[in-house]
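# Examining the three-dimensional arrangement
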Amino acid sequence: MSSILNVIEKLKLNVLNIEDVPESYSSDVFKLTLVSGEDVYVKIPFNMDKLFREFQVLEILKDVIPVPKVLDIWYGDESNTGALLLSAIQGVPCTEHMDEKLSFQMGVYHAMLHEVKTPGYGYHSTDGFKFLDQNNWRLHIKNNFEKWKEPCKELLEPALYE
């Protein structure tokens, strides 16, 4: 809870209510109701590279598919990774019945994602866009698989991890 209170202070937000957003696996996410009545979200990534990567991806996608608007960004300090202040967007989590119309709409958005152009295979970091060696995504995944395996151990069910 102290991390969100620190972000609220840094972004100078007047908050009426704080709610934890469940099932936010790669970041801490909080829904804030401001004194004005507006709902916003604060996303606190687990590292600085993820902060920059998510900011850049949201900026790229904002004219492609419905994504939250980045209202503000705090770049963190020596003990905090920083945070994104995001607008709320219409909709609810899709956890129950999925009808044909919703399935079709999700497919359309998925197809639109494939049309997004990037400068090459790579990722956004605090130092800008980093191209992958040999511009080969599959080789990058293969070469980094073991390094990425350990952090997954605490997130996945033991049987799935094995």
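The model shown is predicted, which means the values in this text are computed figures rather than measured ones. Along each chain, residues carry numbers from 1 onward, in the same order as the chain's sequence is written. Only residues with pLDDT of at least 70 get local features here, since the model is predicted, and only at 80 or more are side-chain atom pairs given and counted; chain-wide, interface and lining totals rely on the full set of residues. Side-chain numbers come from the whole structure's heavy atoms, not from hydrogens or water.

Here we come to the packing of aromatic side chains. Working definition: rings of Phe, Tyr and Trp (its six-membered ring) pair if their centres are within 6.5 Å, and the pair is stacked with planes under 30 degrees apart, edge-to-face with planes over 60 apart, and tilted otherwise. Throughout the structure, instances matching the rule amount to two aromatic pairs. With centroids separated by 5.1 Å and ring planes inclined at 80°, the aromatic side chains of Phe129 and Phe131 adopt a geometry described as edge-to-face.

Before going further, it helps to spend a moment on the nonpolar core. Here, nonpolar core refers to any group of buried Ala, Val, Leu, Ile, Met, Phe, Trp, Tyr and Cys residues whose side-chain atoms link them within 4.5 Å. Think of it in three bands: residues with accessible area under 20% of the maximum for their type are buried, residues over 50% are exposed, and the middle band is partly exposed, with areas taken using a 1.4 Å probe on protein chains only. Within the largest apolar cluster, 14 residues are counted, with the highest numbers of intra-cluster contacts made by Ile4, Val7, Leu13, Leu32, Val42 and Ile44. The helix and strand labels rest on DSSP assignments: H or I over at least four residues marks a helix, E over at least two residues marks a strand, and numbering proceeds from the N terminus. Elements with a minimum of two residues in this core: helix 1 (2–10), strand 2 (27–34), strand 3 (39–45) and strand 5 (83–87). Leaving out residues up to four positions away in the same chain, Leu13 has contacts with Ile8, Leu32, Leu34 and Leu85. With eleven residues, the next largest nonpolar core counts Phe52, Phe55, Leu58 and Leu61 among its residues. Between two residues, a contact is recorded if the distance between any of their heavy atoms is within 4.5 Å.

What makes two strands pair is DSSP finding at least two bridges between them. Taken together, the five strands give an open sheet; going across it, the order is 1-2-3-5-4, and neighbouring strands pair in antiparallel fashion. Across the chains shown, the open sheet's two edge strands, defined by having one partner strand only, are strand 1 (15–20) and strand 4 (70–74). Direction aside, the axes of adjacent strands within the sheet are offset by 25° on average. Pairing of strand 2 with strand 3, which is carried by seven bridges, proceeds in the antiparallel orientation. Counted as the bridge partner of Thr33 is Asp39 from strand 3. Note on geometry: axes are lines fitted to C-alpha atoms, helical ones only across the stretch in contact, with angles between N-to-C directions running from 0 to 180 degrees. Here helix 1 sits on the sheet and contacts strand 1, strand 2, strand 3, strand 4 and strand 5; the angle it forms with strand 3, its principal contact strand, is near 115°.

Together, Tyr121, Trp137, Ile141 and Trp148 make up an exposed nonpolar region whose accessible area comes to about 390 Å². Mapped onto the elements, Ile141 comes out in helix 4 (residues 137–153). According to the relative accessible area criterion, Ile141 is partly exposed, its value standing at 31%. What goes into a patch is any residue over 30% in relative accessible area without a salt bridge, connected to like charges within 9 Å or, for nonpolar side chains (Val, Leu, Ile, Met, Phe, Trp, Tyr), within 5 Å. Values of accessible area rely on a 1.4 Å probe in the Shrake-Rupley scheme; residue burial ignores everything except the protein chains shown. Whenever Lys or Arg places a side-chain nitrogen within 4 Å of a carboxyl oxygen from Asp or Glu, that contact is recorded as a salt bridge.

This part is about the pattern of salt bridges. Two side chains of opposite charge can pair, provided their charged atoms sit close to one another. Overall, the coordinates contain four salt bridges when judged by the stated rule. Where Lys43 meets Glu54, a salt bridge forms, and the shortest distance between an N and an O atom there is 2.8 Å. Linking Lys43 in strand 3 with Glu54 in helix 2 (residues 48–61), this pair joins segments that are eleven residues apart in sequence. Put simply, Lys62 and Glu59 hold a salt bridge, and the shortest N to O gap is 2.9 Å. Judged by relative accessible area, which is 46%, Lys62 ranks as partly exposed. Each of Lys43, Lys50 and Glu54 takes part in one network of salt bridges that share partners.

Pairing analysis gives four bridges linking strand 6 (residues 122–125) to strand 7 (residues 128–131), with the strands arranged antiparallel. Within strand 7, the position partnered with His124 by the bridge is Phe129. Hairpin connection from strand 6 to strand 7: two residues lie between these consecutive antiparallel strands.

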